[in-house]
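# Per-entry structural report
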Amino acid sequence: MAVGQVTPGPLITTATFVGYLLGGTPGAALATVAIVLPGLVLVAATGPWIPRLRQWAWTARFLDAIGAASVGLIAALGATLARTTLTDWQGLLIAAAATAALVGWKLNPAWVVLAGALAGRLLW
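The helix and strand inventory of the protein stands at 6 helices and 0 strands. Against the compact-globule benchmark of 14 Å for 124 residues, the protein has a radius of gyration of 18 Å, which places it well outside the compact range. For the C-alpha atoms alone, the extent of the protein along its principal axes is close to 55 × 40 × 25 Å. Per-residue burial for the protein yields a buried fraction of 16% across its 124 residues. Taking as baseline every contact in the protein between residues at least 6 positions apart, the subset at least 24 positions apart corresponds to 24%. Accessible area for the protein stands at about 9400 Å²; split by element, carbon and sulfur atoms hold 78% of it.

Here is the structure:
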């Protein structure tokens, strides 16, 4: 269930959990890949069309609105996660270190998430 929580959305979390119940860790990995892969393929297939769509005013505005909505959703999710996780000095310390690593040192976010998970495991 913990691995499923790092994936976006309840549908992916549920698929990961059901995959785990049915096939252990390999089942969880397979279920997660199976539910995420179609969306990734769709994005990869339609990605080259985006510059062409930006040439028309109404589609450019539509894509801008989608971008703004995405930023708003990410900000809302960040605020929700902060309220539920930054409740003690350990969480605040990990968040500060992660922010410094991302902003100050420009580290790859995947490594920062991995380091944060390890730090959380060691502190709790």
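In this model, helix 6 (residues 109-123) (15 residues) spans 21 Å end to end at C-alpha, consistent with the 21 Å of a helix rising 1.5 Å per residue. Of the residues that open helix 6, the one with a side-chain oxygen 2.8 Å from the backbone nitrogen of Ala110 is Asn108.

Quick look at the packing of helix 5 (residues 89-104) against helix 6 now. Following both chains from N to C, one finds helix 5 and helix 6 inclined at 160°, their axes separated by 10 Å at the closest point. Judged by the angle between their axes, helix 5 and helix 6 are roughly antiparallel. Classified by chirality, the crossing of helix 6 by helix 5 is right-handed. When helix 5 is examined against helix 6, the residues Gln90, Ile94, Ala98, Ala101 and Leu102 are found in contact with a partner set consisting of Pro109, Val112, Gly116, Ala119, Gly120 and Leu123. Here the contact of helix 5 with helix 6 is composed, by residue class, of 8 nonpolar, 3 polar and no charged.

Should the pLDDT be low somewhere, the predicted coordinates at that spot are not to be read in detail. Within the protein, residue pLDDT values average 88, and 94% of them lie at 70 or more. The secondary-structure element of the protein with the lowest mean pLDDT is helix 1 (residues 2-5), recorded at 53, while helix 5 shows the highest, at 92.

If you check helix 4 (residues 57-85), its first and last C-alpha atoms are 42 Å apart, about what 29 residues at 1.5 Å a residue would give, namely 42 Å. Turning to helix 4, its buried residues number three or more, namely Thr59, Ala60 and Leu63. Where helix 4 is buried, its residues meet helix 3 (50-53).

Now for unusual backbone geometry. Here Lys106, not a glycine, exhibits a phi torsion of approximately 55°, which is positive. Along the chain, Lys106 turns up in the loop between helix 5 and helix 6. For Lys106, a relative accessible area of 67% translates into the label exposed.

For the rest of this paragraph, the subject is the side chain of Thr59. Within the secondary structure layout, Thr59 lies in helix 4. A relative accessible area of 7% means that Thr59 is categorised as buried. Within the local environment of Thr59, its side chain forms a polar contact with the backbone oxygen of Trp56, the two atoms lying 3.1 Å apart. Contacts of Thr59, omitting those with residues within four sequence positions, involve Leu53 and Arg54.

The rules behind the values
Residues numbered from 1 in each chain as written. Predicted model: local features only at pLDDT ≥ 70, side-chain atom pairs only at ≥ 80, totals over all residues. Heavy atoms only, no water. Helix = DSSP H or I, 4+ residues; strand = E, 2+ residues; numbered from the N terminus. Rg over C-alpha atoms; globule rule 2.2 N^0.38 Å. Buried < 20%, exposed > 50% of the residue type's maximum accessible area, 1.4 Å probe, protein only. Contact = heavy atoms within 4.5 Å. Areas by Shrake-Rupley, 256 points an atom, 1.4 Å probe, with all protein chains shown as cover. Expected span 1.5 Å × (residues − 1). Polar contact = N/O pair within 3.5 Å; in protein donor to acceptor, adjacent residues only side chain to side chain. Axes fitted to C-alpha atoms, helices over the stretch in contact; angles between N-to-C directions. Parallel < 35°, antiparallel > 145°, perpendicular 65-115°, else oblique. Left-handed = near helix turned anticlockwise from the far one by under 90°. Nonpolar A, V, L, I, M, F, W, Y, C, P; charged D, E, K, R; others polar. pLDDT = per-residue confidence, 0-100.

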